[in-house]
Amino acid sequence: MEIPSKYSAQAVESKWYDYWMTHNYFHSTPDEREPYTIVIPPPNVTGVLHMGHMLNNTIQDVLIRRARLLGKNACWVPGTDHASIATEAKVVAKLKAQGINKNDLTREEFLKHAWEWTEEYGGVILEQLKKLGCSCDWDRTKFTMDDDMSEAVIKVFVDLYNKGLIYRGFRMVNWDPEAKTTLSDEEVIHIEKQGLLYYLEYQIEGSDEKLTIATTRPETIFGDTAICINPTDERFRHLKGKNAIVPICGRVIPIIEDEYVDIEFGTGCLKVTPAHDENDKVLGDKHNLEVIDIFNEDASLNSFGMHYEGQDRFVVRKAITKELEAAGLIAKTENYINKVGTSERTKAVIEPRLSDQWFLKMEDLAKPALDAVLTNGDVKLFPKKFENTYRHWMENIRDWNISRQLLWGQQIPAYFYGDGKEDFVVAENRDDALRLAKDKTGNSSLTAADLTQDSDALDTWFSSWLWPMSVFDGIRNPENEEIKYYYPTNDLVTGPDILFFWVARMIVAGYEYKDEKPFENVYLTGLVRDKQRRKMSKSLGNSPDALKLIDDYGADGVRVGLLLSSAAGNDLMFDEDLCQQGKQFANKIWNAFRLVQGWEVDIAINQPNSSKIAVEWFESKFQKTIAEIEDHFSKYRLSDALMATYKLIWDDFASWLLEIVKPAYQQPIDTKTLESINTIFEDILKILHPFMPFLTEEIWHYIKERSPEEALIISRWPEAQPINEVLISEFDFASEVISGVRNIRKQKNIAFKDAIGFSIVNNENVAPTFDGVISKLGNLESFNYVKEPVEGALTYRVKSNEYFIPMEGSIDVEAEVKKLTEELSYTEGFLKSVQKKLSNERFVAGAPEQVVASEKKKEADALAKIETLKSSLASLQ
RNA sequence: UGAGGUAUAGCUCAGUGGUAAGAGCGUCACGCUUACAUCGUGAAAGUCAUAGGUUCGAAUCCUAUUACCUCAACCA
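Residues numbered from 1 in each chain as written. Chains lettered and ligands numbered in written order. Predicted model: local features only at pLDDT ≥ 70, side-chain atom pairs only at ≥ 80, totals over all residues. Heavy atoms only, no water.

Applying the stated criterion across every chain, the model contains 45 aromatic pairs. Centroid distance Phe 157 to Phe 462: 6.2 Å. Interplanar angle 70 degrees. Geometry classified as edge-to-face. Highlighted residues: Phe 157 in helix α6 (residues 147-162) and Phe 462 in helix α12 (residues 461-464), separated in sequence by 305 residues. As far as the burial class goes, Phe 157 and Phe 462 line up, both buried. With 5.8 Å between their ring centres and 50 degrees between their planes, Phe 783 and Tyr 785 make a pair best called tilted. Judged by relative accessible area, Tyr 785 falls into the partly exposed class, the value being 43%. Grouping aromatic residues by their ring pairs yields a cluster made of Tyr 7, Trp 590, Phe 593, Trp 617, Phe 618, Phe 622, Phe 653, Trp 656, Phe 681, Tyr 702, Phe 731 and Phe 770. Here the guanidinium or amino end of Arg 66 rests over the ring plane of Phe 633, the centre of that ring lying 4.1 Å away. Its guanidinium or amino end placed over the ring of Trp 400, Arg 505 lies 3.9 Å from that ring's centre, counting from NZ or CZ. (Phe/Tyr/Trp six-rings, centres within 6.5 Å; stacked < 30°, edge-to-face > 60°. Helix = DSSP H or I, 4+ residues; strand = E, 2+ residues; numbered from the N terminus. Buried < 20%, exposed > 50% of the residue type's maximum accessible area, 1.4 Å probe, protein only. Lys NZ or Arg CZ within 6 Å of the ring centre and 35° of its normal.)

Following this line, the structure appears as structure tokens:
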């Protein structure tokens, strides 16, 4: 069979993905096996794959594939999120490009466009996940706006409303004037901006006195309804009970007192604008102030803005500054840096705004979710450090504003039958609503046409918080077989940036609706950054094209590259070179396979002892390593698990084992060794499969013809066997001996093909187990045990054993003496420090026995080595 | 401002009070030895941020300082 010398990922990867799909290996149905379930963090339906997706989906796939190999019923549920504001913004932009204004469309028309868009672009990202090798159960693909998913959302809304947890409130919310919707606190990003602090002068009513007030927002003076001073502030005591006059509009407003005002800041007095500032709203409520909203919904000024009506807030800020300046009402301006809230999606500066919104009471709901993570450990966060952040957020949780002034999303199931604030009912459908409305009003002549559904949609997260339940239809049919089997799920893999948006809320919903956690472990990946530690973002253009990476390095290579750089929970500095390393690793394994594949068997040959012992050694080493890998997985240290696998394959398998058993050029190999090597190779493919699924499946089928039932993806993880530790430590010693030979060859430029003589003074009484191996890898022509140092030879030592390689011609005695002297002085220094410890009575008395014993052993070893070195020196001189 | 985190080789990071501190990558030297130059062999490279303290013993625990990161609140 002709096998190409370079591994080519492209052809291989699509072939095996198709094969897996054809044979339905990803599909899961409940059975008697233990389930292992992951629900995907649903990406935005119209999104494209970026590095963050690549990372966390690679991790999920590793976990799922490993669970499958461990014999569990592995189920990975994929899907997408409707991402209300992001998607709506895209649709609006697209319509705008076609000359269509969203406001000219009816709800139905707009939604039609949105669905068209979703159908056109939706799912692109899922196709990209397939390229990465993700073994999701595609038959279960869900979308947060699927009919059944929406039904669950509405059912939950109605239920929470009936429990008195959802209420309608006139509240200060974060208003995005561009998207014309509210945002949750979490969707607001505070950005430091250079602004100005303006010192405005307010006339005191009935006096010539002027009061100077500092503000960053002079355009909001139209909404001023009071001036506030601190009651303890001597400077303003005389103003108590007086009124001030707002510049330009001339409105008379009271001067009030409140401890809230910071005497030190600005001028020590504050203008109060209850409609446009959260803190001012609090003050306003406390002092019964008038509330004047001066903005339209696009943050242009309304009629309260007088001659600025219709102009944008930032335009007005400049203009009004000029007007005030001209009137001599600005005392001064100062540079001032403050953090301005901006919309995560549209980047628009957020305007605090009072409006009627729907809220979910969080305090009581949060309790079980808080306990689950912090008290009883039902849900474990990896890494643990996020627990503190979680606690802080959950303990200070605020009511959740769940309404959005958007069309794309589940429409709030509240039906108004009148104009009053309380003239509504909440129901799952219009018929129920009508019944309720009739009951509530006592008006039996109401008709469906009299009901108007609230036009707002629900926050996207109000559907995704149900995700682990609703994908199994657990809300609508709480007793169905699937939810009972798959819930709670096992692992959730996501970024720490949505710990509160999503993770915490899923835990809340889980306890409220299933009285149980939604998942056992939460693995929080780091953010993907570039080499300069900058976040990857479109605007910086520092995010590599995910699909191009896969083209260049193969999905296996990219997976390895991502995982190698991702210690759990730390941000990862993504470096394309790591994908290169992944690709090289694939090539290495490929060539190891080519080597083994090319061996001819001769049944007449007996297995050489060196091969026999090397195979035994590797089997133990393999067992030891998979135990380590197991441990890494249990701590979600995937990069360590991968690195252990990497070293096992590259160093132990390829560099040691294969080199030891490799027959001479064009010579055949014995049957026994080849069989062992093939078995070992298969075991290696199994443990590597979760990381590099394509390459491993390819080689698996090259090794021998296999039926679909024998595919690697559904094979079984190697079983644990006893570990021979003695063999492992003997090998470690032997490898040092081999290194010594190589070193001397290197120093003296002796080519490997020239066999050399070799003698050993075995002070350590090392067993001869690996002598054959040393001979082979050192290309030794002889292997002599001697009692006395060999003259005319180069030497090196391992512990107190001394090795001699006879040289033709003269030995550089001076260099040998120098080398020995250096080694001697190092060892003596080491001995001294050990003896210092041992002569310390408090150490011997206080340290555990084991530690003292190990120090004594060190002392004995050092003494023996010094003995050897001294006798060598003596023989040279 | 508050809370949390981090500081170990050129880079990215392990290191669980007890080895004169480890890995991968990179660097340097030598080598195309017939699976692989996407390779092999070897080497160099650290004041464990700084200053104190606890301990027989500290990279590890404590305190302070400095620098950086994340999250929250931001003050007109």
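So, about the domain arrangement of chain A. Domain annotation of chain A identifies domain 1 (31-165 + 362-413 + 454-525), domain 2 (181-351), domain 3 (546-723) and domain 4 (739-876). For domain 1 and domain 3, the distance between their C-alpha centres works out to 36 Å. Across the boundary between the two partners, domain 1 contributes 28 residues, which contact 32 residues of domain 3. Counting the surface lost from both domain 1 and domain 3, the interface buries some 2,800 Å², and carbon and sulfur atoms represent 72% of this. Considering only the surface of domain 1 that becomes buried against domain 3, Arg 66, Leu 69 and Tyr 523 emerge as the three largest contributors, covering 26% of it. Inspection of the domain 1/domain 3 interface yields two salt bridges. The shortest N-O distance in the salt bridge between Glu 630 and Arg 66 comes to 2.5 Å. Our enumeration of links across domain 1 and domain 3 arrives at seven residue pairs in polar contact (both at pLDDT 80 or more). At twelve residues, the largest contribution of residues to the side of domain 1 that touches domain 3 is made by helix α2 (residues 51-69). A class-by-class count of the residues in the side of domain 1 that touches domain 3 yields 15 nonpolar, five polar and eight charged. (Domains from an automatic or database assignment. Contact = heavy atoms within 4.5 Å. Buried area = accessible area lost by both parts, 1.4 Å probe. Salt bridge = Lys/Arg side-chain N within 4 Å of Asp/Glu carboxyl O. Polar contact = N/O pair within 3.5 Å; in protein donor to acceptor, adjacent residues only side chain to side chain. Nonpolar A, V, L, I, M, F, W, Y, C, P; charged D, E, K, R; others polar.)

The next point concerns the state of the cysteines. Summed over the entire model, instances satisfying the criterion amount to zero disulfides. Summary of cysteine pairing: Cys 75 is not part of a disulfide, and the nearest cysteine sulfur, belonging to Cys 136, is at 9.8 Å. Taking the relative accessible area as the measure of exposure, Cys 75 reaches 0% and is therefore buried. This cysteine, Cys 228, is not joined by any disulfide, and Cys 269 carries the nearest cysteine sulfur, 9.3 Å off. In this structure Cys 228 comes out as buried when scored by relative accessible area, which is 0%. (Disulfide = S-S within 2.5 Å.)

The nonpolar side chains of a soluble globular protein tend to be buried with one another. In terms of nonpolar packing, the biggest core is built from 193 residues, with Leu 360 and Phe 462 touching the most fellow members. For this core, the leading source of residues is helix α19 (residues 638-661), giving 13 residues. Ignoring anything within four residues of it in the chain, the contact list for Leu 360 reads Leu 160, Leu 165, Ile 166, Leu 365, Asp 399, Trp 400, Ile 402, Phe 462 and Trp 465. Residues Ile 204, Phe 295, Val 316 and Leu 324 belong to the second largest nonpolar core, which totals 27 residues. (Core = buried A, V, L, I, M, F, W, Y, C linked by side-chain atoms within 4.5 Å.)

Our next topic: the pattern of salt bridges. Taken as a whole, this structure holds 51 salt bridges when the rule is applied. A salt bridge links Lys 517 to Glu 520, with the nearest nitrogen and oxygen atoms 3.7 Å apart. Salt bridges here are not isolated pairs; linked through shared partners, they connect Arg 217, Glu 219, Arg 313, Arg 317 and Glu 351.

Think of two packed helices as two axes; the pair is described by the angle between the axes and how far apart they sit. Relative orientation of the contacting elements helix α17 (residues 576-597) and helix α21 (residues 693-703) amounts to 5 degrees, with a least axis distance of 11 Å. On the basis of their axis angle, the class for α17 and α21 is roughly parallel. Contact residues: α17 offers Ala 586, Ile 589, Trp 590, Phe 593 and Gln 597, while α21 offers Leu 695, Glu 698, Ile 699, Tyr 702 and Ile 703. Of the residues that constitute the contact of α17 with α21, the class distribution is eight nonpolar, one polar and one charged. (Axes fitted to C-alpha atoms, helices over the stretch in contact; angles between N-to-C directions. Parallel < 35°, antiparallel > 145°, perpendicular 65-115°, else oblique.)

Contact geometry for helix α16 (residues 546-564) and α19: axes closest at 8 Å, N-to-C directions at 120 degrees. Viewed along their axes, α16 and α19 adopt a mutual orientation that is oblique. Note on element contacts: α19 touches α16 through Leu 638, Ser 639, Leu 642 and Met 643, opposite Val 560, Leu 563 and Leu 564. For the contact of α16 with α19, the per-class residue count stands at six nonpolar, one polar and no charged.

Attention now moves to the protein's contact with RNA strand B. Neighbouring RNA strand B are 56 residues, the closest being Tyr 336, Lys 339, Tyr 665, Gly 829 and Phe 830. By atom count, sugar and phosphate contribute 55% of the portion of RNA strand B lying within 4 Å of the protein. Asn 591 is positioned such that a nitrogen or oxygen atom in its side chain is 2.7 Å from a sugar or linking oxygen of RNA strand B. Contact distances for RNA strand B include 2.6 Å between a base oxygen and a side-chain N or O atom of Lys 746. A total of nine residues in the surface near RNA strand B trace back to one element, the largest contributor, which is α17. Among the residues forming the surface near RNA strand B, the class breakdown is 21 nonpolar, 15 polar and 20 charged. (Near = heavy atom within 4 Å.)

Of the consecutive residues Phe 382 and Pro 383, the connecting peptide bond is found in the cis state with omega at -5 degrees. Secondary-structure assignment places Pro 383 in the loop between β15 (380-382) and α10 (386-395). Across the junction of Tyr 487 and Pro 488, the peptide omega takes the value -5 degrees, indicating a cis bond. Within the secondary structure layout, Pro 488 lies in the loop between α14 (481-486) and β22 (489-494).

So, on to the layout of surface pockets. Looking at the second largest pocket, its volume works out to about 1,600 Å³. Taken together, 48 residues line the second largest pocket, and the ones lying closest to its centre are Thr 216, Arg 217, Asp 277, Asn 338 and Lys 339. Put simply, the parts of the chain that give the lining of the second largest pocket at least two residues each are β5 (166-176), β7 (188-204), β8 (210-215), β12 (269-272), α7 (278-287), α8 (313-326), β13 (330-343) and β14 (351-360). When residues of the lining of the second largest pocket are assigned to their parent elements, the largest contribution, eight residues, is made by β7. For the lining of the second largest pocket, the residue count by class is 18 nonpolar, 16 polar and 14 charged. (1 Å grid on protein atoms, 1.4 Å probe; cavity = no way out; pocket = protein on both sides within 12 Å on 5 of 7 lines; lining within 4 Å. Points joined across faces, edges and corners; volume = space filled by probe spheres on them.)

What follows concerns the sheet that holds strand β23 (residues 519-524). With respect to topology, three strands assemble into an open sheet ordered β15-β23-β22, the strand pairing being parallel. Of all strands in the sheet, those bounded by a partner on one side alone are β15 and β22. Within the sheet, the average angular offset between the axes of one strand and its neighbour, ignoring direction, is 20 degrees. With three bridges connecting them, β15 and β23 associate as parallel partners. Across the sheet, residue Lys 380 finds its bridge partner in β23, namely Asn 521. (Pairing = 2+ DSSP bridges.)

Across all of its chains, the model carries one cavity of 30 Å³ or more by this definition. Here the largest cavity defines a volume of roughly 120 Å³. As for the largest cavity, its lining consists of 15 residues, and the residues nearest its centre are Phe 733, Val 766, Ala 767, Asp 771 and Ile 774. Looking at the lining of the largest cavity, the elements that each hand over two or more residues are α22 (725-748), α23 (771-778) and β29 (801-806). The dominant element in the lining of the largest cavity, judged by the number of residues it contributes, is α22, at four residues. Looking at the lining of the largest cavity residue by residue, the class counts come to eleven nonpolar, two polar and two charged.

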